[in-house]
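Tertiary structure, described
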Amino acid sequence: MVFNFMKQRAIHSVHTLFDLAVGESGILEDFNMPQTIAEHLMNLGFVPGLEVLVARSGPGGNPRVYRVDGTEVALRRDLSRCIAVRALTSAEAEAK
Amino acid sequence: MSVPVSIQTLTGPPRVPGSPVYKTVAVVGPPNAGKTTLFNRLTGLRQKVGNFPGVTVEHHTGTFRLENGAEVSLIDLPGVYSLNPKSEDEKVTIDVLNGEMPGAERPDAIILVLDSNNLNRHLILAGRVISLGLPTLVLLNMADELRKQGGQVDVLPLARQLGTPVALVSAVTGEGIIAVENFLVATPQAPEPLELPIFGDPRHCREWAVRVGTHAAYRRGATPEWTRRLDSIFLHKFWGGIIFAIVIVAVFQTIFSLGQPASDLLQKLLDNVAVHLSNVLPAGIINSLVVNGVWKGAGSVLVFLPQILLLFLVIGILEDSGYLARAAVISDKVMARVGLNGKSFIPLLSAYGCAVPAIMATRTIENKRDRIATILIAPFMTCSARLPVYTMVIAAFIPNRPVLGPFIGTRAVAMLSLYVLGFAMAVITARALKSSVLRSKDVAFIMELPPYRWPMWKSLGLRLMDRGNAFLFRAGTVILGVSIVLWALTYLPMHNGQPPDIADSAISHIGHFIEPAIRPLGFNWKIGVGLLSSFAAREVIIATMGTLHGVDPESHAMALQQALKSDLTPAGAIALLVFFAFAMQCMSTMAVVRRETNGWKWPILQFLYMTTVAYVAAFVAYRITLLYWN
């Protein structure tokens, strides 16, 4: 179990939206924030299981613009640190 | 490409051809789905703004006239993403739809407007709305965009899945809008959906929406390429900021370079009418009341209508095109420094026009403390009501000498400094508030970036009419009222049927009574009366000074700017400008702050704070100016 967990960490080194570079994408996993904010994000398309792409970075690098479910949404860096993502599996990456 | 389906095939034949079966219909939909555009197309000029009692959510009601002349009343509810009673907008929507909103009739039916390019998200809202059980028409809006971007959807299977009539429409072009009329005259039928999502779990809701979409062969269109291209310029690391600065400068440049001549023209027109009125009416009390009290009072305010409309037009174009959402993103970093976020930028920009709509625009700020902080600093922005006061005092006291080349003179510099002064005080106040009483820890800046679109002239025009009417209403009530009262006070007490000398009039007694309080600022009693009246609305001071000098034989023939020189020294004039930059002199703003913050606490604190700052700053400005310029 422990090994599996370590292995998973090693493969999926990406943890939050913040860690993704512009042009990279990840699969939404979880929100670590007050319920009302998480619900607002979900209304805008940030639903766990969906792919998020870092579309661009605004002037000064903050906020950044994310593309999810066909919509573009700007989020500050501090909030993007509270959104857990995992890397795309090779099958998911291929399906793109 | 599917053709909008005939509604009759889904709901049965109309009972009595042409007569509507619903009296009140609610228009519901998420933000940016074109709900308001549709509402405007259906109702046109037959609409008005309203507020439900006890809540701050604004809504429009309007009348939709069917082809045979029958009328249906439509309620345009606030844009909602879901029906969650935790959010105020969504609570209002739920209450209205359930008939639990006092003052609003329970709608007989719902028109649900969704963006056909975002059905995976928006169908979730459809699930919630349909589950309320009211007869519902689902409109998939922006059908033209869906087609252009290579998307598609089959309406019939979607209608079967949802159990409601569905039509592809475009509120912009009018395509498919006939579906609304067909729906309104068809036999009412409660929705019978095949299956609705289990609410609560967003993942299941979305899976349901995708399943329903798949049944209808739904394919979303690609995001228009030019939105991405424009964003790579407008949100560019370097150019984004430069373009932002250019846009803001252009906004103000437009207002001054186009608005000023228009105002001057209107002023000339009003003056001519005043001369004509004064010649036509028999000399005496009526003549004086109409010319000096009514016309000069209200007219001095009317001349600002062109500038105010222009400002709202420019802001409206920026908003509808989608640029304002990008401006919020760009300004977020700077706003974060004073403890606010980019969402405060839009209200603060509008506050340069008028604080009242700006304070209403703070509703988009989710964080309550950020919202109150924005409300409290908005009146420091140089609103258009300060403009006439600044223009008049600067023109009277500051000689126009070139400073930077032939275009920028001392007067322009003085005007600009006043703008900077107000902005600086807003920044200081915001910092102080956000690091003390209104400190908040979890600030979330979440800004949806809609695709760029061409603004619709009809929507812009309707909004301008709203603003224009509000301004004219103020000119016609508050300002007119104050002008008439003032005129009466200059006319009393009568001696042997003759009005008194201005020095013996009631207004002079009031002015002399408050004079000790304002003498340290370098103001005489006439300015004092002007100040007193300006607490109703800033620009009233001009009307007041006009009335005071108009009835005074010594200054009767003089232009107001000349007459002012007998009231103020240059140092007093500077103090007056500084006072106006900071003071909270606007009843309408106080009223709207009370409504938006649900109580008197914030408007009273704001009034005391701003007026104290204004008094102290004016005193300091007076003393400093005395040292250098006398």
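Bear in mind that the values here come from a model prediction, so they are computed numbers and not experimental data.

Time to look at the overall build of chain A. The number of helices and strands found in chain A is 4 helices and 5 strands. Taken from N to C terminus, the helices and strands of chain A fall in the order α-β-α-β-β-β-α-β-α. For chain A, buried positions account for 34% of its 96 residues. The contacts of chain A with a sequence gap of at least 6 include a subset with a gap of at least 24, amounting to 57%.

A separate point is the interface of chain B and chain A. Where the parts come together, the accessible area they lose is often given as the size of the interface. Chain B puts 31 residues into the contact, and the matching count from chain A is 29 residues. Looking at the side of chain B that touches chain A, the elements that each hand over two or more residues are helix H4 (119–130), helix H8 (202–215), helix H9 (225–234), helix H10 (239–280), helix H13 (323–337) and strand S10 (446–449) of chain B. Considered class by class, the residues forming the side of chain B that touches chain A number 10 nonpolar, 9 polar and 12 charged. Relative to S10 of chain B, strand S4 (residues 71–75) of chain A is paired through 4 bridges, and the arrangement is antiparallel.

Take the nonpolar core next. Residue and element names in this part refer to chain B. Ala575, Leu576, Leu577 and Phe579 are the most contacted members of the largest nonpolar core, which has 132 residues in total. Looking at this core element by element, the count peaks at 11 residues for helix H24 (residues 570–582). Excluding anything up to four places from it in sequence, Leu576 contacts Val393, Phe523, Ile527 and Leu568. Membership of the second largest hydrophobic core comes to 64 residues, among which are Leu42, Ile110, Ala159 and Val212.

Right, let's talk about the domain arrangement of chain B for a bit. Residue and element names in this part refer to chain B. Splitting chain B by domain gives domain 1 (8–222) and domain 2 (223–630). One C-alpha centre belongs to domain 1, the other to domain 2; they are set 40 Å apart. If you look at the interface, domain 1 gives 10 residues, while domain 2 gives 13 residues. The biggest single contributor to the side of domain 1 that touches domain 2 is helix H2 (residues 35–43), with 3 residues.

Below, the discussion takes up the sheet that holds S10 of chain B. Taken in spatial order, the 6 strands of this open sheet run S5(A)-S1(A)-S2(A)-S3(A)-S4(A)-S10(B), and their pairing is antiparallel. A strand with exactly one partner marks an edge of an open sheet, and here the two such strands are strand S5 (83–86) of chain A together with S10 of chain B. The average undirected angle you get between the axes of adjacent strands in this sheet is 40 degrees. Looking at chain direction, strand S1 (residues 25–31) of chain A and strand S2 (residues 51–57) of chain A are connected through 3 bridges and run antiparallel. Of the residues in S2 of chain A, the one forming a bridge with Ser25 of chain A is Leu53 of chain A. Set on the sheet, H13 of chain B makes contact with S4 of chain A together with S10 of chain B; between it and S10 of chain B the angle comes to about 145 degrees.

Another point: the packing of helix H18 (residues 410–434) of chain B against H24 of chain B. Residues and elements named next belong to chain B. Relative orientation of the contacting elements H18 and H24 amounts to 40 degrees, with a least axis distance of 9 Å. The orientation of H18 relative to H24 falls into the category oblique. Relative to H24, H18 is oriented so that their crossing is right-handed. Taken together, the residues of H24 that come into contact with H18 (itself represented by Leu418, Leu421, Gly422 and Met425) are Leu577, Ala581 and Phe582. Split into classes, the residues belonging to the contact of H18 with H24 amount to 6 nonpolar, 1 polar and no charged.

Let us look at the environment of Ser57 of chain A. Residue and element names in this part refer to chain A. Among the secondary structure elements, Ser57 is positioned in strand S2. Each C-alpha atom, one on Ser57 and one on Glu72, is 12 Å from the other, the two residues being 15 residues apart in sequence. Apart from residues lying up to four places away in sequence, Ser57 is in contact with Val22 and Arg64.

Conventions and cut-offs
- Residues numbered from 1 in each chain as written.
- Chains lettered and ligands numbered in written order.
- Predicted model: local features only at pLDDT ≥ 70, side-chain atom pairs only at ≥ 80, totals over all residues.
- Helix = DSSP H or I, 4+ residues; strand = E, 2+ residues; numbered from the N terminus.
- Buried ≥ 20, exposed ≤ 12 C-beta atoms within 10 Å, placed from the backbone.
- Contact = placed C-beta atoms within 7 Å.
- Nonpolar A, V, L, I, M, F, W, Y, C, P; charged D, E, K, R; others polar.
- Pairing = 2+ DSSP bridges.
- Core = buried A, V, L, I, M, F, W, Y, C linked by C-beta atoms within 7 Å.
- Domains from an automatic or database assignment.
- Axes fitted to C-alpha atoms, helices over the stretch in contact; angles between N-to-C directions.
- Parallel < 35°, antiparallel > 145°, perpendicular 65-115°, else oblique.
- Left-handed = near helix turned anticlockwise from the far one by under 90°.

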